[in-house]
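Listed here are the chains, written in short residue letters.
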Amino acid sequence: MAELLTLARPYAKAAFAYASEQNATDFWSNALNLLSAAVQDEAFSAYLNRPELTPAEQVSVFAKVLGEDQTAAVSNFLTLLAENDRLTLLPEIEAEYEQLKSQNNNTVDVVIESAFPLSSTQEQVLADALKKRFNAAVNVSVEVKPELIAGVVIRAGDQVIDDSALNKLEKMRTRLLA
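In every chain, residue numbers begin from 1 and rise along the written sequence. The model is predicted, so local features are restricted to residues of pLDDT at least 70 and side-chain atom pairs to those at 80 or more, both for listing and for counting; the totals for chains, interfaces and linings are taken over all residues. Note: side-chain values were computed over all heavy atoms of the structure, leaving out hydrogens and water.

Numbering goes from the N terminus for both helices and strands, where a helix is a DSSP run of H or I of at least four residues and a strand is a run of E of at least two. A count of helical and extended segments in the protein gives eight helices and four strands. Along the chain direction, N to C, the helices and strands of the protein fall in the order α-α-α-α-α-α-β-α-β-β-β-α. In terms of C-alpha radius of gyration, the protein reaches 20 Å, well past the compact-globule figure of 16 Å for 178 residues. Viewed in the frame of its principal axes, the protein has a C-alpha envelope of about 60 × 40 × 25 Å. A simple rule labels every residue: compare its accessible area, found with a 1.4 Å probe on the protein chains alone, to the largest value its type can have, and call it buried under 20%, exposed over 50%, or partly exposed in between. Burial analysis of the protein (178 residues in total) assigns 35% to the buried set. Contacts are assigned to residue pairs with any non-hydrogen atoms lying within 4.5 Å of each other. When contacts within the protein are restricted to residue pairs at least 6 apart in sequence, long-range pairs at least 24 apart make up 68% of them. Under the convention used here, Asp and Glu are negative, Lys and Arg are positive, and both His and the chain ends fall outside the count. Charge positions are represented by NZ for Lys, CZ for Arg, CG for Asp and CD for Glu. For the protein, the distance from the average site of its 15 positive side-chain charges to the average site of its 25 negative ones is 10 Å. Computation of the radius of gyration draws on C-alpha atoms alone. For the globule rule, the value is 2.2 Å times the number of residues to the power 0.38.

Next up, the structure:
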């Protein structure tokens with residue numbers, strides 16, 4: 001996975017730099033989202049990866065997916081990816097692009113995994129604490145995962161704060177077996 005992100009990062013940075021220069025970051029975000037979803041579809045991916053398709057033909061297949069969102073810049077971007085056999089990286093490129101966009105907007109996307117549903121007050125307290133920790137606005141989403149037993153796991157980009165009972169039990173098990 002890290003290798004895919006390493007390959008995707010320069011493409012995402014180039015797309016973001018161009019989109020920022022053109023004041024079209026939201027447009028590119030939507031386009032990359034559509035392209036990423038298309039590549040993740042098994043039937044579309046199987047069709048796209050046929051050996052007889054040339055890079056130009058692969059790009060024309062994407063033109064049908066994008067419809068009116070197809071621009072010369074997006075087409076050029078797809079051509080570059082196709083010629084370098086990197087179309088399968090579109091999901092990673094989209095993820096990296098969104099991270100760059102969030103950093104530029106000084107926002108952080110945070111996923112809070114909780115053993116139980118959080119009340120709006122609890123969610124707000126956590127959001128305020130995370131806002132101070134990251135010194136940025138936070139977009140919080142909550143997922144209920146009963147297997148955690150109690151506590152929360154907070155994921156923000158590549159940072160993980162694991163304060164779940166499951167994690168504490170696992171640490172205790174490791175110490176006892178050592």
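Turning to the nonpolar core, a few remarks are in order. In this text, buried Ala, Val, Leu, Ile, Met, Phe, Trp, Tyr and Cys residues form a nonpolar core when linked through side-chain atoms within 4.5 Å. Core analysis: the largest hydrophobic core is formed by 31 residues, its most contacted members being Trp28, Phe62, Phe77, Leu78, Leu90 and Ile93. Counting only elements with at least two residues in this core, the list comes to α1 (2-21), α2 (25-40), α3 (42-48), α4 (55-66), α5 (72-83) and α6 (90-104). Those residues in contact with Leu78 that sit more than four places away from it in its chain are Leu35, Val59, Phe62, Leu66, Leu87 and Leu90.

Moving on, we come to the packing of aromatic side chains. Ring pairs shown here join Phe, Tyr and Trp side chains whose ring centres sit within 6.5 Å, with only the six-membered ring taken for Trp; geometry is labelled stacked below 30 degrees between planes, edge-to-face above 60, and tilted in between. All told, the structure shown has four aromatic pairs when counted by the stated rule. Ring centres 5.6 Å apart and planes at 70° place the aromatic pair Phe16 and Tyr97 in the edge-to-face group. Taken together, the residues Phe16 in helix α1 and Tyr97 in helix α6 connect sequence positions 81 residues apart. As far as burial versus exposure is concerned, Phe16 and Tyr97 are alike and both buried.

Each residue after the first adds 1.5 Å to the expected span of a helix. Along its 15 residues, α6 runs 21 Å from first to last C-alpha, staying within 8% of the 21 Å computed at 1.5 Å per residue. If you check which residues of α6 are buried, you get Leu90, Pro91, Glu92, Ile93, Glu94, Glu96, Tyr97, Leu100, Lys101 and Ser102. Immediately downstream of α6, the backbone of Asn106 shows phi near 55°, a positive value.

With 16 residues, α2 should reach 22 Å at 1.5 Å per residue; the first-to-last C-alpha distance of 22 Å fits that figure. If you check which residues of α2 are buried, you get Trp28, Ser29, Ala31, Leu32, Leu35, Ser36, Ala38 and Val39.

The term salt bridge refers to a side-chain nitrogen of Lys or Arg lying within 4 Å of a carboxyl oxygen of Asp or Glu. One pass over the structure, following the stated rule, counts eight salt bridges. The salt bridge partner of Glu96 is Arg9, with a shortest N-O separation of 3.3 Å. Within this pair, whereas Glu96 is found in helix α6, its partner Arg9 is found in helix α1, the two being separated by 87 residues in sequence. Taking relative accessible area as the criterion, Glu96 reaches 9% and is therefore assigned buried. The exposure class assigned to Arg9 is partly exposed, which follows from its relative accessible area of 32%. When salt bridges that share partners are traced, they join Glu113, Glu143, Lys145 and Arg155 into one network.

Next up on the list: unusual backbone geometry. Positive phi outside glycine occurs at Asn135, with the angle close to 50°. Position of Asn135 relative to the elements: it lies in the loop between α7 (120-134) and β2 (137-144). Look at Ile149: it is not a glycine, yet its phi comes out positive at around 75°. Summarising the element assignment, Ile149 is placed in the loop between β2 and β3 (151-156). Looking at Ile149, the relative accessible area reads 43%, which means it is partly exposed.

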